[in-house]
Amino acid sequence: MCAALGHDQRIGEAGEGRVLPASRSREDGFRHDFTRMILENMNDGLTVLDGKGKIEFVNRRLCEMLDYRPDELIGRDWWFIIYPQDIPVVQAQIERRKQGEAGRYECRLLRRDGREILCLFSAARRSGPHGEYQGSITIMTDITRIKLMEQELRASEEKYKTIMKNSSDGMLIYRSSDYKFVEVNQALADMLERTVEECLQLTVPDTLHPESRAMVMDYVKRRAQGDPTVPTHYVLTALTKSGKKRYWHMGVSRLDWKPGYVSTIMRDITEIKQMEEDLRRQNRALQEKLRETTLLRKKLSRYQEEIKQLLKRTMEIEEKSRRRLAVELHDGAVQEITSALHRIKICRMLLEKDPAGARAEMAVMEENLRRGMQELRRVIFNLRPLSLDVLGLLSTLKDYLKKFERETGIGVTLKVSGTERELPPERAAGVFRIVQEALHNVKKHSGADRVTVALVYRPERLRITIKDNGCGFSREDEVRAIKNGRAGLLGMKERTQLLSGKLRVTGVPGKGTRVTFSIPLPERVVAGEQNKSAYC
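This structure is a prediction, so every number in the text was calculated from the model and none was measured.

Chemist: Explain the overall build of the protein chain here, please?
Modeler: Of regular secondary structure, the protein chain possesses 16 helices and 15 strands. Counting only residues that meet the buried cut, the protein chain has 35% of its 536 residues in that class. Within the protein chain, contacts between residues separated by at least 24 positions form 53% of all contacts whose residues are at least 6 apart in sequence. For the protein chain, the computed accessible surface area is about 33,100 Å², with 53% contributed by carbon and sulfur atoms.

And the structure:
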């Protein structure tokens, strides 16, 4: 093309009678070579048309775009490389060139393989020496890829907007320079308890709870600086218009089709958080219940072992009581009755021969029977005082303490305070047995000459104290006594436990012993007199 243009120009100038100097000729040659090098190596396609629309020149880039050699294009009609549907557009543009206009427009070229190439055409008019139209010069820039990218971006934008409109999650686009909300969907507006218009007046910090504000803004700033370590998904706490605290899960990404803007997707997970907290609380409660259950199992195991020991002790005590009862009956009442039977036989033999002797034997026999009757009554009383069912605990204790004082010679003082309360027979028998066992220990081990029994009736409990002035004992003495088979103290403790009560035994060597136990009382009060101090 440059050669053609230079030749025409020189012809024109020669026709006008002008002579070109040698230096001018060399300068034109340099310009011709330099221009040709630029045109051949430019990144855009270029073609030169004559006034009839024939191709006079094409550069290398256009040949690469169309997959033709230069000799296959030069001399052909311009329409040969134009996509058929776009020929009217090009014809209209050529008419504009003829009118002297330059212009830019989009048009498709047709490759050898039939594919189309979308190009941006930049066309200029070629004029002759007298201004007549001699064709055009057109630069063609391949914008196929750019157009595809634009279409993809538009599709992405439309797709994002469609998703944003219909999403049940909150979606937001904000400007990274000032954190200003640019686009907000209805779901996010609802999450913030605002209208979309109100949301568009907010910035990112306006919606953050103080406990999350520093963290989120740090992430935002670092992301704007291109820090790749900033998490794209995290949980934050937000504030609604009414001041409610809400938990959101946030996902953050940049917008390829909108540089300088950031897209976020928020999902309200407050209920999930509450459920997690409820689960943690329930788990803690279950762990506590498990610990309690474990402790209860240990206690139950211990109680079961205690029950086994108690049953064993009960059987031992029962067997010991049976043996003692058998011995008492054999050595007491049975001996007296046996003696009386022998006396009856003797009386039968002496009745006719020696009436006086028979009467004497009958007197002895009567005494034997009387003693046997007393022994039987004592045994029956020891088994269970019948007066407990008729007279109650206090009267039975008074009778027993009088007999104890008479039989042992140990002085007994009974003190009662509070209003007497009725006890069920079995509980009254349990209390009586504890007092009886305590006094038995006083008689057998203490060496005391004085003992005080004090009953204190309180609204909910009965407390009884047995205190003597005997030799006393130490804790070591108590443990040693139990190991040596003295089961009196253990028996009292077991009976107290069966009555849901508490028992305490204290002693000081040389200063006596104190036994104190208390049991719960029933609610009903029995009519009776209130005694402050009573003695037997």
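Chemist: Would you take a moment to explain the side chain of threonine 264 for this structure?
Modeler: Note that threonine 264 resides in strand β10 (residues 261–268). Residue classification places threonine 264 among the buried residues on the basis of a relative accessible area of 2%. Sequence-distant contacts of threonine 264, defined by excluding residues within four places in its chain, comprise Tyr160, Gly170, Met171, Leu172, Tyr174, Met250, Gly251 and Val252.

Chemist: Before we go on, may I ask you to explain the pairing of strand β3 (residues 103–110) in this structure?
Modeler: Going residue by residue along β3, you find Gly103, Tyr105, Cys107 and Leu109 tucked away on one face and Arg104, Glu106, Arg108 and Leu110 left uncovered on the opposite face. The pairing of β3 with strand β4 (residues 116–127) spans eight bridges and is classified as antiparallel. Counted as the bridge partner of glutamate 106 is leucine 120 from β4. In this structure, the hairpin formed by β3 and β4 is closed by a connection of five residues, where glycine 114 is found at a positive phi of approximately 90 degrees.

Chemist: Explanation requested: a positive patch on the surface in the structure shown.
Modeler: Taken together, the side chains of Lys415, Arg458, Arg463, Lys467 and Arg514 make up a positively charged region of the molecular surface. For lysine 467, the location among the structural elements is in strand β13 (residues 461–468).

Chemist: Can you walk me through the sheet that holds β4 in this structure?
Modeler: Two strands in a sheet stick together by hydrogen bonds in their backbones, pointing the same way (parallel) or opposite ways (antiparallel). The strand order across the open sheet built from five strands is β2-β1-β5-β4-β3, with neighbouring strands paired in antiparallel fashion. The sheet is open, and its two edges are formed by β2 (55–58) and β3, each paired on a single side. Across this sheet, the average inter-strand angle for adjacent strands is 30 degrees, counted without regard to direction. Note: strand β1 (residues 45–49) against β2, three bridges, orientation antiparallel. By the bridge assignment for β2, leucine 49 is matched with isoleucine 55. The sheet contacts of helix α5 (residues 87–98) involve β3, β4 and β5 (133–142), and relative to β3 the element is tilted by about 140 degrees.

Chemist: Please clarify how the pairing of strand β6 (residues 170–175) should be interpreted in this entry.
Modeler: In the case of a regular strand, side chains alternate between the two sheet surfaces. Counting buried residues along β6, five of its six residues qualify, which places the element largely inside the surrounding structure. Across six bridges, β6 lies against β10 in antiparallel orientation. Considered in β10, the bridge of leucine 172 is made with threonine 264. The antiparallel hairpin formed by β6 and strand β7 (residues 181–184) contains five residues in its connecting segment, where tyrosine 179 sits at a positive phi of about 65 degrees.

Chemist: Even after reading the chapter, I still don't get the state of the cysteines, so can you show me in this structure?
Modeler: Summed over the entire model, instances satisfying the criterion amount to zero disulfides. The thiol sulfur of cysteine 107 is not disulfide-bonded, and the nearest other cysteine sulfur, from cysteine 119, lies at 8.0 Å. The class of cysteine 107 is buried, set by a relative accessible area of 1%.

Chemist: Looking at this model, I keep getting lost on the sheet that holds β10. Mind explaining?
Modeler: If you walk across this open sheet you meet the five strands as β7-β6-β10-β9-β8, and the pairing is antiparallel. Edge strands, defined here as strands with exactly one partner in the open sheet, are β7 and β8 (233–239). Each neighbouring strand pair of the sheet contributes to a mean axis angle of 30 degrees, computed without reference to strand direction. Here β6 pairs with β7 via three bridges, running antiparallel. From the neighbouring strand, tyrosine 174 faces β7, where its bridge partner is phenylalanine 181. Here helix α9 (residues 210–224) sits on the sheet and contacts β6, β8 and β9 (245–254); the angle it forms with β8, its principal contact strand, is near 135 degrees.

Chemist: Whenever I open this one, the confidence of the model for the protein chain confuses me. Can you help?
Modeler: Low pLDDT means the predicted atomic positions in that stretch should not be read closely. Confidence in the prediction of the protein chain, expressed as mean pLDDT, is 80, and 81% of residues score 70 or more. Scored below 50 in pLDDT, residues 1–23 makes 14 contacts in the model with residues more than four places away or belonging to other chains.

Chemist: Can you help me understand a nonpolar patch on the surface in this one?
Modeler: Residues Ile337, Leu341, Ile344 and Leu369 make up a contiguous nonpolar surface patch of roughly 330 Å² in combined accessible area. Sorting elements by how many residues they give to the nonpolar patch places helix α10 (residues 270–353) first, with three residues. Along the chain, leucine 341 turns up in helix α10.

Chemist: Where do I start with the pattern of salt bridges in this structure?
Modeler: Here the idea is simple: oppositely charged side chains can pair when their charged atoms come close. Scanning all chains against the criterion turns up 26 salt bridges. With a shortest N-O distance of 2.9 Å, arginine 108 and aspartate 86 are connected by a salt bridge. Here arginine 108 is found in strand β3, whereas its partner aspartate 86 is found in the loop between α4 (70–73) and α5, with 22 residues between them in sequence. Since its relative accessible area comes to 22%, arginine 108 is described here as partly exposed. Using a relative accessible area of 11% as the deciding quantity, one classes aspartate 86 as buried. For the salt bridge of aspartate 169 with arginine 267, the shortest nitrogen-to-oxygen distance reads 2.7 Å. Taken together, the residues span a long stretch of sequence, with aspartate 169 in the loop between α6 (144–166) and β6 and arginine 267 in strand β10 at a distance of 98 residues. A relative accessible area of 47% places arginine 267 in the partly exposed class. Overlapping salt bridges bring together Arg69, Asp71, Glu72 and Arg112 as one network.

Procedures and definitions
Per chain, residues are indexed from 1 in the order of the written sequence. Local features in a predicted model are, by the rule used here, given only for residues with pLDDT of at least 70; side-chain atom pairs are given and counted only at 80 or more, and totals for whole chains, interfaces and linings are based on all residues. Hydrogens are left out, water is left out, and the side-chain values use all remaining heavy atoms of the structure. For helices the rule is a DSSP run of H or I covering at least 4 residues; for strands it is a run of E covering at least 2, with both sets numbered from the N terminus onward. Exposure classes here rest on a 1.4 Å probe applied to the protein chains alone. A residue is buried below 20% of its type maximum, exposed above 50%, and partly exposed in between. Residue contacts are defined here by distance: any two heavy atoms, one from each residue, within 4.5 Å place the two residues in contact. Every accessible area reported is derived by Shrake-Rupley at a probe size of 1.4 Å, with residue values counting cover from the shown protein chains alone. Pairs of strands are assigned from DSSP output, requiring at least two bridges between the strands. Without a salt bridge and with relative accessible area above 30%, a residue can belong to a patch; like charges are then joined within 9 Å and nonpolar side chains (Val, Leu, Ile, Met, Phe, Trp, Tyr) within 5 Å. We define a salt bridge as a contact between a side-chain nitrogen of Lys or Arg and a carboxyl oxygen of Asp or Glu at a distance within 4 Å. Asp and Glu count as negative and Lys and Arg as positive, but His and the ends of the chain are not part of the count. The location of each charge is read from NZ of Lys, CZ of Arg, CG of Asp or CD of Glu. Orientation is described by lines fitted to C-alpha atoms, with helices fitted over the stretch in contact, and by angles between N-to-C directions that extend from 0 to 180 degrees. By definition, disulfides here are pairs of cysteine sulfur atoms that lie within 2.5 Å. Confidence scores here are pLDDT values: one per residue, from the predictor, ranging 0 to 100.

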